[in-house]
Amino acid sequence: MPDRKGKEVHVFLDQTLPEPGWVGKAYHRKADGGLDPLPPLEGVLLSSGDSEEARERATERFGVAPERVEVIQPC
């Protein structure tokens, strides 16, 4: 993930949903490296398919460049 400030999106697999899917949450990266959540705070369901589909949808939905989307893989 770039270390510059500005809007970025984290995409992760949410298994707490009735039908698990990839969810995106937007954040503002501050100059000190911290993150402030941006609305909607509950996140947005992007895909019930794979992480790459979710990444593509995140760029469109949140209006960010692909390099500003980080996919967090489940452990």
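Right above here is the structure, for reference.
This write-up is about the structure you can find in this document. (Residues numbered from 1 in each chain as written. Predicted model: local features only at pLDDT ≥ 70, side-chain atom pairs only at ≥ 80, totals over all residues. Heavy atoms only, no water.)

1. Here's the deal with the nonpolar core
Soluble, globular proteins show a tendency: their nonpolar side chains are buried together. The biggest cluster of nonpolar side chains holds twelve residues, and these are V9, V11, W22, A26, V44, L46, A54, A58, F62, V64, V69 and V71. Put simply, the parts of the chain that give this core at least two residues each are β1 (6–14), β2 (21–29), β4 (44–47), α1 (51–62) and β5 (69–72). The biggest single contributor to this core is α1, with three residues. (Core = buried A, V, L, I, M, F, W, Y, C linked by side-chain atoms within 4.5 Å. Buried < 20%, exposed > 50% of the residue type's maximum accessible area, 1.4 Å probe, protein only. Helix = DSSP H or I, 4+ residues; strand = E, 2+ residues; numbered from the N terminus.)

2. Some details on the pattern of salt bridges
Enumeration over the complete set of coordinates arrives at five salt bridges. The shortest N-O distance in the salt bridge between R55 and E52 comes to 3.7 Å. Note that R55 and E52 are positioned in helix α1 at a spacing of three residues, about one turn of the helix. E52 sits in the partly exposed class, given a relative accessible area of 43%. Among the charged side chains, a network of salt bridges with common partners joins E8, R29 and R68. (Salt bridge = Lys/Arg side-chain N within 4 Å of Asp/Glu carboxyl O.)

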